[in-house]
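Observations on the model geometry
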2 protein chains.
Amino acid sequence: MSYTLGIDYGTNSVRALIVDCRDGRELGTSVVNYPSGEQGILLDPSDSQLARQHPGDYLFGLENSVLGALAEAAKVPGFSPAQVIGIGVDTTGSSPIPVDAHNVPLALDPRWKNELAAQCWLWKDHTSHREAARITELAARYRPQYIAKCGNTYSSEWFWSKIWNCLNTAPQVFAAADSWVELSDYIPSVLAGARTPAEVKRGICAAGHKALYAEDWGGLPDEEFLTFLNPKLAELRGRLYARAYDATEAAGTLCPEWAAKLGLPVGTPIAIGEFDVHYGAIGSGVDEGVLVKAIGTSTCDCTVVRADRNVPDIPGICGIVNGAILPGYFGIEAGQSAVGDIFKWWVEVVLQGDGATHRDLTEQVRDQKPGQSGLLALDWNNGNRTILVDPMLTGLLVGQTLHTTRAEIYRALIEATAFGARAIIERIREYGVTIQRVVCCGGIAEKNAFLMQIYADVTGCAMQVSGSAQACALGSAVAAAVLAGPERGGHPDFPTAQKAMTSIKPVCYAPIPENQAVYERLYRLYRELHDAFGGVNKSADLSRVMKDLIAIKQSAN
Amino acid sequence: MSYTLGIDYGTNSVRALIVDCRDGRELGTSVVNYPSGEQGILLDPSDSQLARQHPGDYLFGLENSVLGALAEAAKVPGFSPAQVIGIGVDTTGSSPIPVDAHNVPLALDPRWKNELAAQCWLWKDHTSHREAARITELAARYRPQYIAKCGNTYSSEWFWSKIWNCLNTAPQVFAAADSWVELSDYIPSVLAGARTPAEVKRGICAAGHKALYAEDWGGLPDEEFLTFLNPKLAELRGRLYARAYDATEAAGTLCPEWAAKLGLPVGTPIAIGEFDVHYGAIGSGVDEGVLVKAIGTSTCDCTVVRADRNVPDIPGICGIVNGAILPGYFGIEAGQSAVGDIFKWWVEVVLQGDGATHRDLTEQVRDQKPGQSGLLALDWNNGNRTILVDPMLTGLLVGQTLHTTRAEIYRALIEATAFGARAIIERIREYGVTIQRVVCCGGIAEKNAFLMQIYADVTGCAMQVSGSAQACALGSAVAAAVLAGPERGGHPDFPTAQKAMTSIKPVCYAPIPENQAVYERLYRLYRELHDAFGGVNKSADLSRVMKDLIAIKQSAN
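Residues numbered from 1 in each chain as written. Chains lettered and ligands numbered in written order. Predicted model: local features only at pLDDT ≥ 70, side-chain atom pairs only at ≥ 80, totals over all residues. Heavy atoms only, no water.

Further remarks concern the packing of aromatic side chains. Describing an aromatic ring pair means giving the distance of the ring centres and the angle of the ring planes. The final tally for this structure, using the stated rule, is 36 aromatic pairs over all chains. Centroid distance A:Phe225 to A:Phe228: 6.5 Å. Interplanar angle 85°. Geometry classified as edge-to-face. In this pair, A:Phe225 and A:Phe228 both sit in helix H8 (residues 223–229), three residues apart, roughly one turn of the helix. Both rings, one in B:Tyr34 and one in B:Tyr58, keep their centres 5.6 Å apart while their planes meet at 85°; by these two values the pair is edge-to-face. Separated by 24 residues along the polypeptide, B:Tyr34 in the loop between strand S3 (26–33) and strand S4 (42–44) and B:Tyr58 in helix H1 (residues 55–73) bring together distant segments of the chain. The exposure classification of B:Tyr34 matches that of B:Tyr58, with both residues buried. Across the ring face of A:Trp121, the terminal group of A:Arg52 is positioned such that the distance to the ring centre comes to 3.5 Å. Over the ring of B:Trp258 we find B:Lys261, and its NZ or CZ is 4.1 Å from the ring centre. (Phe/Tyr/Trp six-rings, centres within 6.5 Å; stacked < 30°, edge-to-face > 60°. Helix = DSSP H or I, 4+ residues; strand = E, 2+ residues; numbered from the N terminus. Buried < 20%, exposed > 50% of the residue type's maximum accessible area, 1.4 Å probe, protein only. Lys NZ or Arg CZ within 6 Å of the ring centre and 35° of its normal.)

Here it is, written out as structure tokens:
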């Protein structure tokens, strides 16, 4: 018997999962919430765009989640930690951490403990929008190839924007940092006992999607280009990395210190770290023609195209990177900056409700017909990641009367995220990439049949659900099983491992034709607002929007 | 000693007020809520635009409110009902009631009791928008003069739209009605004991503002024009009225039946009925250069211009009628379809809160700076009465993030109504009508200093508050005192009566220059949305709206 360990760092917590390599059976799992800040996030009351995380929370969570999962697995007859043949790690990203010359995060030094700029710059931190806009501008002028595969727009959520922002706003932190390490590279490097940033083996996933890394142009952006940004960034380049690796490589093997802490064998191979949604895509059975949609606080949409095919640049799609998800495939990534977060905002921040409120609201509008509320919303409360790639966009709600209920607004927000999802699917298809099926993963996909049906009706795609409730951690475990190889009880390659270890739930949400027809009309109105407020259409005629919503409402009643 | 009785029919309740003619002192008052429907309004769950009222509630409220006020006044030493020298009545409008040949509302007949079309068609009923659009179209083609003084747009809230809608949707009710009487004419006619519709003395206020009545063209719209609508309306014309009167005339004198019910002298003169806000304007000291703003569930803005001046047609202003408010003056009326109703919607319908919630929310955002929330809203949850005159418009909120609070949205809704108020003031001034001061009346003006300061900052006008909390009822009592005349202890004319009986509170809200500067920027953005969604600008560039809101927010923080 052989098992692998998948460790999944989410936005608010970390989960460890012990998986049977033969069939993907889950033997033990444990979740640890990050103890610092608000639900694990360090905020700045004067700047709602800021979101940081304390690196100490990651180490605390690493030890405790793995011990918890092992303790649970230990109850399964026949399991022993000695049978764990590999470790895989996935995390949020781009979440870069400034580290010292010993690969220790600056924030673990008492000197920097309370400095927000010295923490991990969490993926959803949007403070660096000015830097992102400038990078986009400079790349468009001098290195268009750099951004051609990320929708021609460099995001405020990404590596260079954040590091440059640190240089601009907290130069003392920038100066103190020897290097910057993505969270997805940092955790494997801790387990592998890397003593310097140079020893950290970097993944192509974070490098290619967020740091403008590509073998085509010799790795990271060249020094001349970085000098256009700031000479200090050019100087930093040499202290980052020259090469990044796909998931066929190992990030290292388990070091004695962490082997002792966790009670696992020294030398256990550790897979290259990838982003949660990328390993989540693997754990959900991503393949050509399959879009995996991880629906959580935000969403991430992933698909793959064989590396020998010609994949065009797709405007507004935030990344097309060779080897980023599956080795031998282009990984295509898109996403929405807020999905679950929008529902949570409505229920918890505005209505001051809780989980029961979510259920109540759903009950109240479950049987409403599409368009019946007369409402339409944009899903931009946290900006737009795809297809506009603009964090300086905000939410919008239109159509409310004096009778509009809280539940109707809740439904309109769900529909807004479905329209955003459709915009992504349409854009990817427009450029010749096939999407035949959508497999969703994440708690919302599992629990919210109401939302899933709306997604099916709005997108016109059948919606399936990943077999595992822990698709990301499972994907990490799959990568670990491939890395371990068949001779140790793992698998020879990803397709074989996916076939053995992953599954799809029996439920499938098929589009309902009469709902599709109404959503077709609503989606046209959504696109009118989307294009007008998103700057695509600068001479918009919105004079019919409210009237058309009333007409749709009247025909639904 | 002499007193007058003012009776004010609001949207949810009726108030009676006994006033001392010498100084406006209020001796007794009583409010009676309408017992039927939801807060006095009959609704149709399948049509949110419908709002009707049971005429029986008006009679119940008449008797009980007057008896209540008299009982309270009776505690004042020296008061006797015999000293009541006149009665004035104001009501909502246009609120037409179908009546039989005996001037009895059809809804009082058991046959029609449960028929919504047989009730009073409350001012805020918007079901007749198709009829309104068609009347506007036909008038523009054949009788442009008819709508030139009501902003070139006939409203769904008005007399002919509603009656035509009744003919179209409930022809049996239309056929059963001998005539239609505005609520503001109906109540005086009941007190005066009118036995047929022909005996009802109609006010120029309702006739001129809502029924296209003007002496210039011989009264109501001519038969040919009404035939364009429907020959049955032309036929109805003869059973309506040939002449309407201003407030120098009496509607009649108190009939024995009602004198006995109320314990007041038979023969007490009854003033011509006007709309609540028109008598409210009188009760608040309306004069040339003074805009009176009645802020309640909706708002109504009234000012006057001497009848010998040339008042131009003002596009989008819903009425300019000679004698409608003060005899000898053009009355100019504008308004917003929902103001207090929008705050109430947010607090009671969406947040499921109560009065305490209003106070809490105000506390939370009282000290925020203009623009600090990044939010902007349109005040169209019940359509737009002025300056777009379009009931088929709806609410809009933009700028929300994942951190936006319920209180910030509450403030944004208040600001939205202030922007709507400014649009009206600007439009009136554009056409050469002077507005030097704004006097507000209604509970919101009295109690909500926070809102009043925002209105001052947004409009740039000093905001004063009417001295009486019952400005409408007081204005009715003023009209009654003028009708009674000096020989019976009343007054010779309106200016003299207003000077003696009305006042302004000592408080005055002056615009704060730094707030004005920010609201200037926000108002420009409001107008961009207003014009784009309202159909004024059909090639709108809204690409900066969200970004400008973020910029204003950042500079406010």
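A few words on the packing of helix H11 (residues 276–283) of chain B against helix H17 (residues 471–484) of chain B. Residue and element names in this part refer to chain B. Between H11 and H17, whose axes approach to 6 Å, the crossing angle comes to 75°. By the criterion of interaxial angle, the relationship of H11 to H17 is roughly perpendicular. Where H11 approaches H17, its residues Asp-276, Val-277, Tyr-279, Gly-280, Ile-282 and Gly-283 are matched on the opposing element by Ala-471, Cys-472, Leu-474, Gly-475, Ser-476, Val-478 and Ala-479. A breakdown of the residues in the contact of H11 with H17 according to their chemical character gives eight nonpolar, four polar and one charged. (Axes fitted to C-alpha atoms, helices over the stretch in contact; angles between N-to-C directions. Parallel < 35°, antiparallel > 145°, perpendicular 65-115°, else oblique. Contact = heavy atoms within 4.5 Å. Nonpolar A, V, L, I, M, F, W, Y, C, P; charged D, E, K, R; others polar.)

Moving on, we come to the pairing of strand S22 (residues 463–466) of chain A. Taken together, the three bridges between strand S21 (residues 435–441) of chain A and S22(A) define a ladder with parallel strand orientation. Looking at the pairing, A:Val438 lines up with A:Met463 of S22(A). (Pairing = 2+ DSSP bridges.)

Now for unusual backbone geometry. Cis peptide bonds are those with omega within 30 degrees of zero, and the linkage from A:Gly93 to A:Ser94 qualifies with -5°. By the element assignment, A:Ser94 lies in the loop between strand S6 (84–91) and strand S7 (96–99). Residues A:Thr386 and A:Ile387 are joined by a peptide bond in cis, for which omega reads 15°. As for its placement among the helices and strands, A:Ile387 is situated in the loop between strand S19 (376–378) and strand S20 (395–400). A positive phi angle, near 60°, is found at A:Leu212, a position not held by glycine. With a relative accessible area of 4%, A:Leu212 lands in the buried category. Notably, B:Gln39 is not glycine yet its phi reads approximately 50°, a positive angle. Tracing the backbone shows B:Gln39 in the loop between S3 and S4.

Before going further, it helps to examine the sheet that holds S20(A). A sheet is described by the order of its strands in space; here four strands give the open sequence S19(A)-S20(A)-S20(B)-S19(B), paired in antiparallel fashion. The open sheet has two edge strands with one neighbour each: S19 of chain A together with strand S19 (376–378) of chain B. For this sheet the average axis-to-axis angle between neighbouring strands, irrespective of direction, equals 10°. As paired elements, S19(B) and strand S20 (residues 395–400) of chain B share three bridges and run antiparallel to each other. Along S20(B), the bridge assignment pairs B:Leu378 with B:Leu396.

All right, on to the relation of the copies chain A and chain B then. Mapping chain A onto chain B calls for a rotation angle of 180° and an axial translation of 0.0 Å; the resulting RMSD is 0.0 Å. Overall, the copies show the geometry of a two-fold rotation axis. When C-alpha distances to the rotation axis are compared across chain A, the minimum falls at A:Ser539, with a value of 2.0 Å. Mapped onto chain B, 100% of the interface residues of chain A are again interface residues, and the two copies thus contact each other with one and the same surface. (Least-squares fit on C-alpha atoms with pLDDT ≥ 70 in both.)

A word on the sheet that holds strand S18 (residues 329–336) of chain B. In sheet architecture, strand pairing relies on hydrogen bonds along the backbone and comes in two forms, parallel and antiparallel. Residues and elements named next belong to chain B. With mixed pairing, the seven strands of this open sheet are ordered in space as S17-S18-S16-S15-S21-S22-S23. Looking at which strands have only one partner, the edges of the open sheet turn out to be strand S17 (319–322) and strand S23 (504–509). Along the sheet, successive strands turn relative to each other by an average axial angle of 25°, direction set aside. Bridging between strand S15 (residues 289–295) and strand S16 (residues 299–306) involves four bridges; their strand directions are antiparallel. Bridge pairing in S16 places Lys-293 opposite Asp-301. Against the sheet, H11 contacts S15, S16, S18 and strand S22 (463–466), and its axis sits at roughly 60° relative to S16. Where helix H14 (residues 406–430) meets the sheet, it contacts S15, S16, S18 and strand S21 (435–441), and its direction lies at approximately 150° from that of S18.

Next up on the list: the environment of B:Asp44. Residues and elements named next belong to chain B. Relative to the elements of secondary structure, Asp-44 occurs in strand S4. When the C-alpha positions of Asp-44 and Leu-116 are compared, they lie 8.6 Å apart, and in sequence the two are 72 residues distant. Leave out the neighbours within four places in its chain, and Asp-44 touches Leu-50 and Leu-116.

One widely used convention gives an interface's size as the accessible area the parts lose upon coming together. With 51 residues of chain A at the interface, the matching set in chain B holds 51 residues. Of the roughly 4,400 Å² buried between chain A and chain B on both sides combined, carbon and sulfur atoms contribute 60%. A per-residue breakdown of the area chain A buries against chain B is headed by A:Leu402, A:Phe533 and A:Met546, which together make up 17% of the total. One salt bridge connects B:Lys547 with A:Asp390, and the closest N-O pair in it is separated by 2.5 Å. Linking chain A with chain B are 24 residue pairs in polar contact (both at pLDDT 80 or more). Residue composition of the side of chain A that touches chain B, by class: 24 nonpolar, 19 polar and eight charged. (Buried area = accessible area lost by both parts, 1.4 Å probe. Salt bridge = Lys/Arg side-chain N within 4 Å of Asp/Glu carboxyl O. Polar contact = N/O pair within 3.5 Å; in protein donor to acceptor, adjacent residues only side chain to side chain.)

Counted under the stated rule, the structure contains 58 salt bridges over all chains. The partner of A:Lys505 in a salt bridge is A:Glu446, with the nearest N and O atoms 3.1 Å apart. Placement of the pair is A:Lys505 in strand S23 (residues 504–509) and A:Glu446 in helix H15 (residues 443–447), with a sequence separation of 59 residues. Measuring nitrogen to oxygen at the nearest pair gives 2.8 Å for the salt bridge that ties B:Asp125 to B:Arg52. Note that B:Asp125 is positioned in the loop between strand S8 (120–121) and helix H2 (129–142) and B:Arg52 in strand S5 (residues 47–53), a separation of 73 residues in sequence. With a relative accessible area of 4%, B:Arg52 lands in the buried category. Beyond isolated ion pairs, a larger network of salt bridges with shared partners links A:Arg422, A:Glu426, A:Glu520 and A:Arg524.

Scored by pLDDT, chain A comes out at a mean of 96, with 100% of its residues at no less than 70. Predicted as a complex, the structure gets a pTM of 0.86 and an ipTM equal to 0.86. (pLDDT = per-residue confidence, 0-100.)

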